[in-house]
Every structure is written in C-alpha cells, then in structure tokens.
Amino acid sequence: MFATVFMQTCSVCDDDSPVIRCHECRGVSHLCALCDKEVHRWHPLHDREYWNGEYFTFIPPLLSPDHISGNLIDIDRLISPIAMGTCRHCGSDQDVKKRTFDTKRIIVTMKGRYELDDVILFCEACNCEVLNDGFWPGSVERHSQYLFDEDLFLFFDLLHKFSPGLSTRSFLNALEQFSALKCRTPRINVTAFTRAFQEWRYCRYEMAKIKKEPRFDCPACSDCQHSVHIDGNKKLYRFSKIQRGHQESYYSGDFIAKNSLVDSHLEKLGYASEVQSDGSGMCGTTRWKAAKAASKTMPNLDETGMVIGGCRHVIAQKAVNMFRGEIYGYPHYLHQEVFACRGVRWLWEDVICQYWPWARSKSPLFINSRAMEMKPALSVMHAKAHSWHCQVCVV
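Residues numbered from 1 in each chain as written. Predicted model: local features only at pLDDT ≥ 70, side-chain atom pairs only at ≥ 80, totals over all residues. Heavy atoms only, no water.

### Considering unusual backbone geometry
It is generally the case that most residues other than glycine have a negative phi and that most peptide bonds are trans. A positive phi angle, near 55 degrees, is found at Asp14, a position not held by glycine. For Asp14, the position within the fold is in the segment before strand 1 (20–21). Positive phi, close to 60 degrees, is recorded for Lys212, a residue that is not glycine. Along the chain, Lys212 turns up in the loop between helix 4 (190–211) and strand 12 (227–233). (Helix = DSSP H or I, 4+ residues; strand = E, 2+ residues; numbered from the N terminus.)

Now the structure itself:
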C-alpha cells in the first residue's frame, strides 16, 4: 500500500498549519499562508494547491490565502522580483527604470499559460525592454503582453521535426487544456505564438551561422555520401499576383538556392530558346510529366513548386524554386552545382532514363565537371511504372 504525507505544521516556519501544497518546492512542499507568499515570490510559476477544509484544489498564481481569515485574496506577483541592473545592450545602469502596466503579463511555458502583474525594466537610453533570462517576447518590435519560455519553443521545434503533421493549433490546445486542469486561464493567442516562434527560430538561425554550425549535413553521410534522390513537388507553389507583393526570404540561399544562380545556370543550358518535343517524356507506354526539357504549364503562378535533393536518411539538403514547371534544368542545377561537387556517387530520380541522356548531352557546356562521374539509378517505387528495359538496366 501507498499513502501521501500531509504535514501538520509548515515545512518552513514549523509553526502555523499548512494551507498550501506545492510539489515543485522540494523539501518544503507544505506551507502556511505567510510562508507561501515569501517562497513563491521567487517561484511564481509553481502550481500550488489550496486546502479548502475538505480537499486540495489548484489556485492561480495571483491568489493566495489570507494568514488571518484563511480566505483566498488577490496578491501582486511578478515573473521575478524586480532588481535594477545594467542594460546589456548599451551598458547603462542609470537609465534603467521600472514601468508598470494596467494589463496582466501572460507567460506561456511547457505547463501552459500563467498570468502575472505586468512590471518591466525599461532602458531609456537605448529604448529597449530588459528581458528575463530564458524568455522570449511576443513581439521584438513593441511591448507585448506575452512572454514565452524558450524551452517551450525548443520543444515545439523538435516536435515539428519528428511529427511534421502536428499543427500549431493542436499543440496549443494541449497547453490550454493543461492550464485549465490547473485552474488557470487557458486561452493562448495562436498568432502571437506563431510570430514569436518564427522570430525565435530566425534568431537561432543567425546564431548558428555565427557559430558555423552545419544545418543540412547528414551525420551518416558527412564523410562520403553514397546517394542523393532529387524530385519535384508542385504543392509548394505561389501565385504571381499577391497583395503583400514580393518579399525576399530571410533564409535566402541557405536551403533554397538563390534564384539568380539558378537562372544563370538555366541560361547556360540554353533554356531561353529550347522547346519541348512532342514525343518526350515516354518510357514504354507511360508518359512522365516530369520528363520535360521545357514546360508551359501553370502560367498564372510565380513559383510553381520546388525541386529538393536529399540523402537516403531522409534529410533534405538543398532545393531550388521552380518557375517553369518540372523541367530538367532544375535537377541539373542540384546535380551539377551541389551534389557532384560533394562527391556523391549515385543519383536517383523518377525519370532518370530520360534525364541522364539529356544531362550527358549538356556535359560539354561545363568544363572540368564531375557530374558524369556519378552513376544513375531508378528508385524501386518509380521503376514499376517504367519499361522492363529501364528496370533491368537502370535500377
């Protein structure tokens, strides 16, 4: 059998009867009203339970029992005690002032949403807010009610990598439900969370560039990559006329190759005047839409999709935007300029039987190219739709 321990006196002062239980305060879990205010002044994000005379029930951070009547009363509580210090941005210690807002500060952690008093430190010299360590603001441009725990963003980022089908709304629904079970206000603004998460992720991207950390290198393929599979995806399109206009990507050239480099490569291949022949794209009795030297489809789209190259460990390594549909020129850029330079030995593609003779005909255009040193291969899944000649000679 098992039983829980209920202390008869406060774990801190060992005098008054405990009315608060906190499992996160190790060693001092049972507290009287006065000790609860002092202990959780430094730990406002602990989930506390209040003894109402019959059972324990959770209470939000801004409620605490009165030490005389024992009834729950409203109290002031900050995310951490305000202590004047030096601004890390400008180094000033004279211009850091305390500012108080009438609204509540919303803190979102791995345990859901908390509401505390909105009191901040503000540096008047550089006009910036002095943040608490480990928290990210809801907006980097202006004061926001929201503060997000950086561990929450890190967990959500990792969760997205291993469960890409999980939506942001579903993730926040779980946090809201957890908050409601702890008797806290559950609502979390999905727009504020998404914006702050994207800003945080871009900040980590810039830090990774400073540290020169590899972002798209496969650990298993780092010494000698055996294979790369290149394929196009038309679901990642963008219309040519949109209200917000054209915006340059923050991650331009990192994962998706710069359009200017791809365009110059296509011009070298002669795409300005090349026209598709009527009989191209056939393998046996099957016509492959991807087997094209030129494409005239989807004229109303700006970007008609993406062509992505990845290793056999399901890690996407490089991509290009498609502006002309699925044509040979886009995989040829990845083949010639990216993976051949890395010494990859095998190139896998769904229309390799059509692509490889075309790529060989273009090889004289590139001096000292290593592209033709790679070996062509046809994946088993796509091979079932090809002729027996392809399945025997290329697979």
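Okay, back to it.
### Describing the nonpolar core
Within the largest apolar cluster, 29 residues are counted, with the highest numbers of intra-cluster contacts made by Val320, Tyr330, Leu334, Leu347 and Tyr355. Looking at this core, the elements that each hand over two or more residues are strand 12, helix 5 (259–268), strand 18 (316–322), helix 6 (329–339) and helix 7 (352–362). Contacts of Leu347, omitting those with residues within four sequence positions, involve Val228, Ile230, His335, Ile352, Tyr355, Trp356, Met374, Lys375, Pro376 and Ala377. (Core = buried A, V, L, I, M, F, W, Y, C linked by side-chain atoms within 4.5 Å. Buried < 20%, exposed > 50% of the residue type's maximum accessible area, 1.4 Å probe, protein only. Contact = heavy atoms within 4.5 Å.)

### Thoughts on helix 2 (residues 150–162)
Over its 13 residues, helix 2 extends 19 Å from the first C-alpha to the last, a length consistent with the 18 Å expected when each residue adds 1.5 Å. One side-chain oxygen of the residue at the start of helix 2 lies 3.2 Å from the amide nitrogen of Asp151, identifying that residue as Asp149. (Expected span 1.5 Å × (residues − 1). Polar contact = N/O pair within 3.5 Å; in protein donor to acceptor, adjacent residues only side chain to side chain.)

### Digging into the sheet that holds strand 3 (residues 48–51)
In spatial order, the strands read 2-1-3-4; together these four strands make up an open sheet with antiparallel pairing. In this open sheet, the two edge strands, each paired with only one partner strand, are strand 2 (30–31) and strand 4 (56–59). Summarising the sheet, strand 1 and strand 3 pair through two bridges and their orientation is antiparallel. Note that in strand 3 the partner of Arg21 across the bridge is Glu49. (Pairing = 2+ DSSP bridges.)

### Observations concerning the sheet that holds strand 20 (residues 375–377)
Taken in spatial order, the five strands make up an open sheet running 18-17-12-19-20, and their pairing is mixed. On the outer flanks of this sheet lie strand 18 and strand 20, each paired with one strand and no other. Each strand of the sheet is rotated relative to its neighbour by a mean of 20 degrees, with strand direction disregarded. Bridge analysis of strand 19 (residues 346–348) against strand 20 gives three bridges, and the strand direction is parallel. By the bridge assignment, Trp346 is partnered in strand 20 with Lys375. (Axes fitted to C-alpha atoms, helices over the stretch in contact; angles between N-to-C directions.)

### Focus on the pattern of salt bridges
Inspection of every chain in the model, using the stated rule, returns 12 salt bridges. Between Asp117 and Lys104 there is a salt bridge; the shortest N-O distance is 2.9 Å. With Asp117 in strand 8 (residues 112–123) and Lys104 in strand 7 (residues 96–109), this pair connects stretches of sequence that are 13 residues apart. Two residues, Lys209 and Glu206, come together in a salt bridge whose shortest N-O distance is 3.7 Å. Here Lys209 pairs with Glu206, and both are found in helix 4, just three residues apart, close to one helical turn. With a relative accessible area of 26%, Glu206 lands in the partly exposed category. A cluster of three or more residues bridged by salt bridges with shared partners is formed by Asp157, Lys161 and Arg201. (Salt bridge = Lys/Arg side-chain N within 4 Å of Asp/Glu carboxyl O.)

From the geometry alone we can't say anything about function, so treat these as descriptive.
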